[in-house]
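# An overview of the molecular structure
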Amino acid sequence: MLQKPSILYLAAIFLGGLVLLFLVAPLAGMVLSTTFPDLLSTAREADVTRSIWLTVWTSMLATVVFGLAAIPFSYLLARKSFPLKNLVKGIIDLPVVIPHSAAGIALLGFISRDSLVGKAASWVGIDFVGNPLGIALAMAFVSLPFLINAARDGFEAVPRRLERTAMALGASPARVFFTIALPLALRNIISGMIMMFGRGMSEFGAVVIIAYHPMITPVLIFERFGTFGLKYARPVAVIFIIVSLIVFILLRLLANKQKTNGGIR
Amino acid sequence: MLQLINIEKSFPGFRLHPVNLQIHQGEYYVLLGQSGAGKSLLLEIIAGITRPDHGRVMLDSKDISNQRINQRNIGVIFQDISLFPHMLVFDNIAYPMISRNIGKTEVRRRVDELSRALGVSHLINRKPDGLSGGESQRVALARVLATSPKLLLLDEPLTSLDVLRKDELIRLLKQLNQDGMTILHVTHEVDEALSLASHLAILHDGKLLQSGSPEAITRYPASPFVARLMEIKNCIEVIYQDAVGQYIAADNHAVVFHLPVNPGFRAGHLLIHQKHIRILEEPSAEKSFSATITDTSLTLHGLEITVDIGIPIVVQVPAEKLGPGKFLKGALIRLNFNLAQSRLIPIV
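None of the values given here were measured: they were computed from a predicted structure. (Residues numbered from 1 in each chain as written. Chains lettered and ligands numbered in written order. Predicted model: local features only at pLDDT ≥ 70, side-chain atom pairs only at ≥ 80, totals over all residues. Heavy atoms only, no water.)

### Some points on the layout of surface pockets
Taken as a whole, the largest pocket holds about 720 Å³ of empty space. Contributing to the lining of the largest pocket are 23 residues, with K80(A), R160(A), E163(A), R164(A) and M167(A) lying nearest its centre. The class makeup of the residues in the lining of the largest pocket is 10 nonpolar, 5 polar and 8 charged. A volume near 480 Å³ is recorded for the second largest pocket. What lines the second largest pocket is a set of 22 residues, among which T218(B), I232(B), H273(B), K275(B) and H276(B) lie closest to the centre. Taken together, the residues that form the lining of the second largest pocket break down as 9 nonpolar, 8 polar and 5 charged. (1 Å grid on protein atoms, 1.4 Å probe; cavity = no way out; pocket = protein on both sides within 12 Å on 5 of 7 lines; lining within 4 Å. Points joined across faces, edges and corners; volume = space filled by probe spheres on them. Nonpolar A, V, L, I, M, F, W, Y, C, P; charged D, E, K, R; others polar.)

### Focus on the domain arrangement of chain B
All names here are of chain B. With domains assigned, chain B is organised as domain 1 (2–226) and domain 2 (232–346). Spacing between the C-alpha centres of domain 1 and domain 2 amounts to 40 Å. Facing the 7 residues of domain 1 at the interface are 7 residues of domain 2. For the pair domain 1 and domain 2, the interface holds 0 salt bridges. Linking domain 1 with domain 2 are 1 residue pair in polar contact (both at pLDDT 80 or more). For the side of domain 1 that touches domain 2, a count of residues per class yields 4 nonpolar, 2 polar and 1 charged. (Domains from an automatic or database assignment. Contact = heavy atoms within 4.5 Å. Salt bridge = Lys/Arg side-chain N within 4 Å of Asp/Glu carboxyl O. Polar contact = N/O pair within 3.5 Å; in protein donor to acceptor, adjacent residues only side chain to side chain.)

### Notes on the interface of chain A and chain B
On the chain B side, the residues contacting the 22 residues of chain A number 32 residues. Carbon and sulfur atoms make up 61% of the surface buried where chain A meets chain B, a total of about 2,500 Å² over both sides. On the surface where chain A and chain B come into contact, there are 1 salt bridge. Linking E44(B) and R161(A) is a salt bridge whose minimum nitrogen-to-oxygen distance equals 3.1 Å. When contributions to the side of chain A that touches chain B are tallied by element, the ones reaching two or more residues are α8 (160–168) and α9 (173–201) of chain A. Looking at side-chain class alone, the side of chain A that touches chain B contains 12 nonpolar, 6 polar and 4 charged residues. (Buried area = accessible area lost by both parts, 1.4 Å probe. Helix = DSSP H or I, 4+ residues; strand = E, 2+ residues; numbered from the N terminus.)

### Topic: helix α1 (residues 7–32) of chain A
Two residues of an α-helix separated by three or four positions point the same way, owing to the 3.6 residues in each turn. Helix length check: α1(A), at 26 residues, gives a terminal C-alpha distance of 35 Å against a target of 38 Å (1.5 Å per residue), a fit within 8%. The sharpest bend along α1(A) measures roughly 30° and falls at V24(A), with the proline P26(A) sitting one to four residues further on. (Expected span 1.5 Å × (residues − 1). Bend = angle between axes of the 7 residues up to and from the residue.)

Next comes the structure, spelled out in C-alpha cells:
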C-alpha cells in the first residue's frame, strides 16, 4: 500500500507550484499576448537585429576576455592561502549585491574621459563611454562573480592528489594546470562562462549609464517602453527572450557534450 | 642510495621524531607501522610533497631536500592510485614521457612495451573508472615506470585488493625489485611486509623503533610493541627475585620462569612466541605449568588457545595434536615453555 504523503511534503509541493507559477506566468502572459505577425515585423527591424547582435557579441567578448584573466585567478583562490583571502572573496561577490545602476556610476567614474584609465584608453584611440567596449566592461563588471565562483568551485573539487601525482611524474606546475586541473574543472568553468554570458546579456542598469547608445536590447526594450508604451516594447522583449533561451540551451548542450581527450594517439 | 638524515616534522598533535634511515640500491625496503604512525608523511617528505622542518634527504649522495617534486626522479604511487580520470589508460602511461618532451614514436613504443610488461595492453583504450583495483595498480605501475625512476615509493599498494590480486601484485613487485628497481613500500600489514621486504623498519608514533632484516626483527624484536606487531602474543612483564634466583611474573609472583641464562636485568618483558610453548601429552619430569584453557580461536596458523597458568598465556596448537573433543574450554593441560627461544627485553 502506498504511504500517505506527509503534510510537509504536500505543503512543499503547493508552495513550489506557486513559485513556479510566479516565474512562468508573466513570461507566458507576455508571449501569449504577442501576435506572430507583430513578432515577425519586429524581428525584421534593423534596430532590433542590430541591438541583439550587439548584445550577444559584447557579452561574449566580456566573457572570453575576462575569462582568460579570471580562470587562473580562480585557480589561485582554490589552491593557495594568502592574507586577506576572505576579503578578496568578498570583493568578488560585491557586484552581485550592489545596485547595478550604482555599479554603472562607479564604473563610469573609472573609465570616463577624465579618469586615468579613460585618458590612457583615449591615448590609444579608444573611448569607452558610448562604445561597445564600454558596454562589455559594464557587462563584465556585474557578471564576473558568476564565472570566478563557479571556476573556483570546480578547481576546489579537483583532488590535490592528482596534481601531486602529475608533479611527481615530472610535470611542471603549468603542465599540471593545463592537463589536470583545467580539464577536470572544465565543466564548472563552462557552466560559469554560460552564467556570466547570460548575466552579461541581460544587464541593463550598469550598461545604460556607460552607453545608452549604441543600444543593447535591454536598453532598446526600455526605450520603446518609455517612448511608445508596453505594446511596442513587448515584441522586442519576446524576441530577446527567445534568442537568449536558444543561445543558453545551445551552450548548455555544448557543455554537456562528452569532452574528447587531446591524447597523442 | 637514499638517505634520510635527522628528518623531523611537527603538526599539531603529531610529531615525526628525527628519522635516520638508509636505503641501498636494489633493496626492497618496507616501512611497517599502524595508521597514524607517520609512514605516509615520511613518503611525502621523500617525494618532495611535504617539506620537513629539519633534516636532509639525500639521493645518490646528492642533497635533494630543496629540489621540487617534479625534479627528483622518484616515482610514487599513492594509496588511492590517482590515475587521471579524464585520460585513457594510454594517455595516463604516456603522461610522464610527454612531460619530458619525448618524441611521439618513442612514447608509443614505450607505452606498448610497458603495458605489455604489466599485462595492461588490452586496457589502453579504456578510461580508469572502469578498471578493477588490480588493473588500476598495474596501470599506475606502468605509468610510474615510464619515468625510469631511481626509487619507487609505494603507499599501501595492496590495501584495496582481494587475496588473489594481492598475490599477483606481490609477485609483480618482487619481479620489479629483482630486475633492479629499488623500492620503498609502506604498509600496516605484517604479512605483506614480511613477504616482500629485504629490509624492514618499524615506525610507531613518529619514531623509527627498529630496522634490520625481517628475520632479525622477527627473532629479536627490540620492544614489546615490535614483538606484538610481529605477532608474538606472549609479552610478560617479569621481575628478578633474588630469593628464588629466577624471574617471576610481575602480575603473579607464583609464576616462575626458569631462564637458561640470567641476563642480569632487574625487570623486563619476557617475549615467548606462542609456537614455542609445548603441550605435554602425559606427566613428565620436565619443568611444566598446569594450565586451564580459557578460550580458543582458529587462525590461519591453526588453533590458538588462551590458557591460565596464573597469568594468561597464548599457545599455538600443532595440527597433529588436534582431534575431536580436545582443547575444549575449561580443560586442564600441561605446558612446557621453550625458554631458550624466548627473549628478555629490559625495562629501562
